[in-house]
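Here's the letter readout for the chains.
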Amino acid sequence: MDKPIIELNSLNFWYGPKQALFDVNVQIAPHRTTAFIGPSGCGKSTLLRCLNRMNDLIDGTRVAGNLTFNGQDIYAAEVDVIELRKRIGMVFQKSNPFPKSIFDNVAYGLRIQGMTNKDELNERVAASLRKAALWDEVKDRLDESALMLSGGQQQRLCIARAIAVEPEIVLMDEPCSALDPTATAKIEELIQDLEQYYTIIIVTHNMQQAARCSDFTAFFYLGRLIEFDGTSKIFTNPANKQTEDYITGRFG
Amino acid sequence: MKARLFTLATGGATFLAVAMVFVILGNIVWHGIGQISPHFVFGGTKEGMFDAATAGVFPMIFGTLALVLLMTLGVVPVGVTTAVYLNEYARSHSPVTRVIRGAINNLAGVPSIVFGLFGLGFFVQFVGGGLDNMFYGGQLHYRKPALIWASATMAVMTLPVVIVATEEALKAVPKGLREASLALGATKLETIWKIVLPEALPGVITGAILAIGRGAGEVAPIMFTGAAYYLAHLPTNWTDQFMHLGYHVFVLSTQSPDIERTKPILYGSVLVLLAVTFLLNLAGVLVRARIRSRMRHG
Amino acid sequence: MELHFDQELAGAKELLLRMSSLAEDAVALALKGLVGRDDALAQRVHDGDTQLDELQKQIDERCVELIALRQPKARDLRFLIVTMKIAAELERVGDQAVNIAHRTFQLDREPQLKPFIDIPRLADLARGMVHDALDAFVYGKPDLAKEIILRDDRADLIETQLHRELTSFMLEDPHTITRAMNLMGVAHNLERIADHATNIAEEVVYLYEARDIRHQHE
C-alpha cells in the first residue's frame, strides 16, 4: 500500500455517555475504494461521519484518539472544518439535491469557493457531470430543476456535485440503499471509474456491494473493527470467524 | 347509526361556522354596498366626514397601507432572524433558549390595548424623547404619535406570529439539504442564506400574511401611538400621524353626532377595510404561490 | 455496456487461452520428439509441464475470486465454472504429452520398430480436436463442439487398430514387446487426449446452451 491517506489510531467516539466506537485502527489507501461493512448499529456510519467531522453537528459528541488526513490530525484545534470538508466530500444515503437547477446544484460548491467566471463554471460543471456518468442524460436541460430527475439520476447528480470541488476523498454513506437494482448497478460501475481520481470510502449494509466494488473491506461489529484486509481475502478466506459468519449470512 | 349521527353533528357544526361568516359578511355587504362609490373610495375628508354623501375614505386606506408596509418592513427581518437563531443556532434545552421561547409565548398573549400603552410609553415617549434630545436638542420631532411608532408597536405585536410561522417553515426544510451544503464546505451562515431560507420562503410569507392581517385590522395598539381621526392631509413623513380604516370605524361608531346618518358610512368603511385586508392577503398568497411554483419547476 | 467485470472476465479468458496454446504446443513437441527420436525435445516437454500446472492454479484462484466477489449469474457463472473445468482438462492433456515424452526416452534406446504412420494420424486428429474445442469456446460455436464429440469415435477406432497391429507384432517376435508396449502406450495417451478434447467440447455446449450433454455417447 502506498502511504495511507487517512490513518486512524485508537479512535474512540461517544454520543453523550454512550460509546459508539472502540479503539479503531485502520489505514485507508489512496486512490482505492475501501468499504465499511457490518450489521446495523455497528458504527460504520458513525466512523464515516467522523472523517469529515459531520458528527460535530450533533450535540454532545466526543472523540478520543488519533485521526489523521495526509498526516495532519483533523481534530486539532487549528483545523478549519470548512476547508476540511472541501477536501473530503460526502454523498448521502437519501439523495439530497438542492431545489435548484441541475447546473446550480453542481456549481454550488464552486460558487461558494468564489468561482464566478461563467466559462470556468460551465467547464467544471460539464466535467463533473461527465465523470458522474450523467452528462449525456442532462446536457440539454441543465436549467431544469434537479427535482425532476429520477432517484438514480439525482444520486449521480449528488456525486457530480461532490466531485465538482475536486476533493481528495469522497465518502459515501449507503449511496444506493434508496435505489432500484439498475440504478444501483450504474453507481457501482461509477465508483470503480472514479477510483482513478479520488479515494473512495463507502459504507454499505449490502456486503455483496462491498464485494463487487471495493478494493479493501473493513468489517465492524458493535463499534469495533473486527477485520480489515483486501476485499478478495475477506470474501474468499476471512481470518476471523465472526467475519466469516457475517459474510456467509450465519450471523446472529 | 352512530356513524350517521356523527356525520350529522360534524356537518352541522361546520355548516354553522360557515353560515356565521356568511351572515356577518352578508350583513356588512347589505348595509355597506350602497355607500361604495369612486368618490367614497378615492375621495378625502375635505368635506364633512360624517356626511354620507360627501364622506371619503382614501386617506384611511392610504394610512392603513402605509402602516402595514412599515410594520412588515420592521417585523419580518426581526422575526425571521429570531426564528433562524432559535431553530439553527440555539441549543434546544439551554436555559437561555427556554427564556426566549417563554418570552415569545407571553408576548403572543398580551392584550392589544396593553400594546397600545406600551407603544405610547416606550416608543413615543422614551425612544422618541431620546431621539429628540440626542439629535434635535430637545425640539419636538419624534416624541409624539407618529406613523413610525404605530408601525413599531404593531411590529412588536405581530412578532410572535412571524417567528412561529418562520420557525415552522425552517423546521420543514429537510435536514439533508443542510447536510449536503455543509458537506461541500459551506459555512452555517452560507447554508442558511443560500439553501434554508430560500426553501422556507413560502412559510415566511405565510407569517407575513398573518401579520398583515392583524396590522390592517387592530385598532387598540395604534390609537395612542399614531392614528388620528381627522387629518387635513396625507402623511408625508413617518413622523406624521395618519388615518386608519379600523380606527375610523371606531370613531364613527363612538363619536358621531347622529348614529343613523353615519351608519352607511360605517358599513361602507367596514366593507372597504375587509376588502383591503382581503386584497392584501390575496397579494401575499399569490406571491407565495408564484415562489412555490418556481421552486418546484426551476 | 462494458463493465469492469467484463474486463475481469476477459482476463480469465486470456489466461485460459494462454494455457491452451501451451498445451497444444506440448503435444506437438512431444510428437516431434517421438517421430524424430529426439530426446532433447522430449526433455523440453517434460520441463514445460510445470508452467501448465502453475497456470491451472492461477486460473482456478482467479475464477474462485471472481465468483466470490462478483456473484455472477447465468452465462457469467457458467463461463467461470467452465473455464476452471477446461483448465483441468488442459492440465491433463499436458500430462499426457509428458507421458509420450517419457515413452520417447524408452523407445529411443532401441531401433525404430516400424514407420510412424498411424500414430501421427491419431495425433493430428487429437490435436485438431483440442484446437477446435478451444475455438468453439472462444468464438461461441456449440455446433462445432458437438461435431468434435463425434470425432472421438474415429480416435477410438484408430487406437483399436493400432492395438491389434502391435499385438500381432509382439506375437510374431518377442523382442519387439518393449517397443510395441510403449507404442501402444503412446496410442493410448493420444486417445486420452482426444477424450479430454471431447470433455472440453461438452463443457462448451454447457456454456453456450446451458445443457449438460455429458455421458451420452459412451
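Our structure is the block above this text.
Computed from a predicted structure; not experimentally measured.

Procedures and definitions
Residues numbered from 1 in each chain as written. Chains lettered and ligands numbered in written order. Predicted model: local features only at pLDDT ≥ 70, side-chain atom pairs only at ≥ 80, totals over all residues. Heavy atoms only, no water. Helix = DSSP H or I, 4+ residues; strand = E, 2+ residues; numbered from the N terminus. Buried < 20%, exposed > 50% of the residue type's maximum accessible area, 1.4 Å probe, protein only. Contact = heavy atoms within 4.5 Å. Buried area = accessible area lost by both parts, 1.4 Å probe. Salt bridge = Lys/Arg side-chain N within 4 Å of Asp/Glu carboxyl O. Polar contact = N/O pair within 3.5 Å; in protein donor to acceptor, adjacent residues only side chain to side chain. Nonpolar A, V, L, I, M, F, W, Y, C, P; charged D, E, K, R; others polar. Core = buried A, V, L, I, M, F, W, Y, C linked by side-chain atoms within 4.5 Å. Axes fitted to C-alpha atoms, helices over the stretch in contact; angles between N-to-C directions. Parallel < 35°, antiparallel > 145°, perpendicular 65-115°, else oblique. Left-handed = near helix turned anticlockwise from the far one by under 90°. Phe/Tyr/Trp six-rings, centres within 6.5 Å; stacked < 30°, edge-to-face > 60°. Lys NZ or Arg CZ within 6 Å of the ring centre and 35° of its normal. Pairing = 2+ DSSP bridges. Patch = residues over 30% accessible without salt bridge, like charges linked within 9 Å, V, L, I, M, F, W, Y side chains within 5 Å. Areas by Shrake-Rupley, 256 points an atom, 1.4 Å probe, with all protein chains shown as cover. Lys, Arg positive; Asp, Glu negative; His and termini not counted. 1 Å grid on protein atoms, 1.4 Å probe; cavity = no way out; pocket = protein on both sides within 12 Å on 5 of 7 lines; lining within 4 Å. Points joined across faces, edges and corners; volume = space filled by probe spheres on them.

### Some words on the side chain of Lys-86 of chain A
Part 1: Within the fold, Lys-86 of chain A resides in helix α2 (residues 81–87).
Part 2: Of the residues examined, Lys-86 of chain A reaches a relative accessible area of 14% and is grouped as buried.
Part 3: If we ignore the near neighbours within four places in the chain, the residues touching Lys-86 of chain A are Gln-113, Val-165 and Pro-167 of chain A together with Leu-184 and Gly-185 of chain B.

### Some words on the interface of chain A and chain C
The figure often quoted for interface size is the accessible area lost as the parts come together.
Part 1: Contacts between the two partners involve 10 residues from chain A and, on the opposite side, 10 residues from chain C.
Part 2: Taking both partners together, chain A and chain C bury about 890 Å²; carbon and sulfur atoms supply 54% of that area.
Part 3: Taken together, the links from chain A to chain C amount to zero salt bridges.
Part 4: Remark: the boundary between chain A and chain C carries seven residue pairs in polar contact (both at pLDDT 80 or more).
Part 5: Going through the elements one at a time, α7 (181–194), α8 (207–213) and α9 (231–236) of chain A are the ones with two or more residues in the side of chain A that touches chain C.
Part 6: Tallied by class, the residues present in the side of chain A that touches chain C amount to two nonpolar, five polar and three charged.

### What to know about the interface of chain B and chain A
Part 1: On the chain A side, the residues contacting the 21 residues of chain B number 25 residues.
Part 2: Three residues, Glu-179, Ala-183 and Leu-184 of chain B, lead the burial of chain B against chain A; their summed loss comes to 32% of the area buried on that side.
Part 3: In this assembly, chain B and chain A are joined by two salt bridges.
Part 4: Glu-179 of chain B is the salt-bridge partner of Arg-49 of chain A, the closest N and O atoms lying 2.7 Å from each other.
Part 5: Inspection of the chain B/chain A interface yields four residue pairs in polar contact (both at pLDDT 80 or more).
Part 6: The dominant element in the side of chain B that touches chain A, judged by the number of residues it contributes, is helix α7 (residues 175–183) of chain B, at seven residues.
Part 7: Along the lines of polarity and charge, the residues of the side of chain B that touches chain A split into eight nonpolar, seven polar and six charged.

### Topic: the nonpolar core
One broad trend across soluble globular proteins is that nonpolar side chains are buried collectively.
All names here are of chain C.
Part 1: Residues Ile-86, Leu-90, Ile-119, Phe-137, Leu-190 and Val-204 are the most contacted members of the largest nonpolar core, which totals 69 residues.
Part 2: Taken together, the elements giving at least two residues each to this core come down to α1 (4–35), α2 (39–70), α3 (74–107), α4 (118–139), α5 (142–172) and α6 (177–209).
Part 3: Among the elements that line this core, the one with the most residues is α6, at 15 residues.
Part 4: The contact partners of Phe-137, leaving out residues within four places of it in the chain, are Lys-13, Leu-16, Phe-79, Val-82, Thr-83, Ile-86, Val-204, Leu-207 and Tyr-208.

### What to know about the packing of helix α4 (residues 118–131) of chain A against helix α6 (residues 151–164) of chain A
Residue and element names in this part refer to chain A.
Part 1: With their axes 8 Å apart at the nearest point, α4 and α6 run at an angle of 130 degrees to one another. With respect to each other, α4 and α6 are oriented oblique. The interaxial crossing formed by α4 with α6 has right-handed handedness. Contacts from Arg-124, Ser-128, Leu-129 and Lys-131 of α4 reach α6 at Leu-157, Ala-160, Ile-163 and Ala-164.
Part 2: Grouping the constituent residues of the contact of α4 with α6 by class yields five nonpolar, one polar and two charged.

### Comments concerning the packing of aromatic side chains
Part 1: Going through the model one piece at a time under the given rule, you end up with 19 aromatic pairs over all chains.
Part 2: With 6.4 Å between their ring centres and 35 degrees between their planes, Phe-42 of chain B and Phe-58 of chain B make a pair best called tilted. Of this pair, Phe-42 of chain B sits in helix α2 (residues 38–42) while Phe-58 of chain B sits in helix α3 (residues 58–89), placing them 16 residues apart in sequence.
Part 3: According to the relative accessible area criterion, Phe-42 of chain B is exposed, its value standing at 61%.
Part 4: Relative accessible area serves as the criterion here: at 29%, Phe-58 of chain B is assigned to the partly exposed category.
Part 5: Relative to Phe-137 of chain C, the ring of Phe-79 of chain C has its centre 5.9 Å away and its plane inclined at 15 degrees; by these criteria the two rings are stacked. Here Phe-79 of chain C, found in helix α3, pairs with Phe-137 of chain C, found in helix α4; they are 58 residues apart in sequence, far enough to count as distant. Phe-137 of chain C shares its class with Phe-79 of chain C; the two are buried.
Part 6: Over the ring of Phe-98 of chain A we find Arg-161 of chain A, and its NZ or CZ is 4.3 Å from the ring centre.

### Quick notes on the sheet that holds strand β5 (residues 72–73) of chain A
Sheet strands pair via backbone hydrogen bonds, and the direction of the pair is either parallel or antiparallel.
All names here are of chain A.
Part 1: Spatial ordering of the open sheet is given by β2-β1-β4-β5, a layout of four strands whose pairing is antiparallel. At either margin of the open sheet sits one strand with a lone partner, and together these are β2 (18–28) and β5.
Part 2: Summarising the sheet, strand β1 (residues 6–15) and β2 pair through seven bridges and their orientation is antiparallel. Within β2, the position partnered with Tyr-15 by the bridge is Lys-18.
Part 3: Where helix α1 (residues 44–51) meets the sheet, it contacts β1, β2 and β4 (61–69), and its direction lies at approximately 115 degrees from that of β1.

### Some words on a nonpolar patch on the surface
Part 1: On the surface, Tyr-85, Tyr-89, Val-96 and Leu-189 of chain B cluster together into a nonpolar patch covering about 400 Å² of accessible area.
Part 2: Relative to the elements of secondary structure, Val-96 of chain B occurs in helix α4 (residues 95–109).

### Points about the side chain of Arg-85 of chain A
Part 1: If you trace the backbone, Arg-85 of chain A turns up in helix α2.
Part 2: Comment: no salt bridge for buried Arg-85 of chain A; closest opposite-charge side chain is Asp-56 of chain A, at 4.8 Å.
Part 3: A polar contact is formed between the side chain of Arg-85 of chain A and the backbone oxygen of Arg-53 of chain A, at a distance of 2.8 Å.
Part 4: Once residues lying within four places of it in the same chain are set aside, the contact partners of Arg-85 of chain A are Asn-52, Arg-53, Met-54 and Asp-56 of chain A together with Leu-182, Ala-183, Leu-184 and Gly-185 of chain B.

### As for the layout of surface pockets
Part 1: Roughly 820 Å³ of volume is contained in the largest pocket.
Part 2: Looking at the largest pocket, it is lined by 29 residues, and the ones nearest its centre are Leu-57 of chain A together with Asn-87, Glu-88, Arg-178 and Lys-188 of chain B.
Part 3: Where the lining of the largest pocket is concerned, the elements lending two or more residues are α2 of chain A together with α3, α4, α6 (147–172), α7 and α8 (188–217) of chain B.
Part 4: The residue inventory of the lining of the largest pocket, partitioned by class, reads 11 nonpolar, five polar and 13 charged.
Part 5: By volume, the second largest pocket is sized at about 380 Å³.
Part 6: With eight residues, the top contributor of residues to the lining of the second largest pocket is α7 of chain A.
Part 7: Its residues assigned to classes, the lining of the second largest pocket shows six nonpolar, four polar and seven charged.

### Considering the pattern of salt bridges
Part 1: Summed over the entire model, instances satisfying the criterion amount to 32 salt bridges over all chains.
Part 2: Close ionic contact of Asp-245 of chain A with Lys-241 of chain A constitutes a salt bridge, the shortest N to O distance being 3.0 Å. Taken together, the positions of Asp-245 of chain A and Lys-241 of chain A, both in helix α10 (residues 241–247) and four residues apart, correspond to about one turn of that helix.
Part 3: Given a relative accessible area of 60%, Lys-241 of chain A falls into the exposed group.
Part 4: We note a salt bridge from Asp-212 of chain C to Arg-214 of chain C, for which the minimum N-O separation is 2.8 Å.

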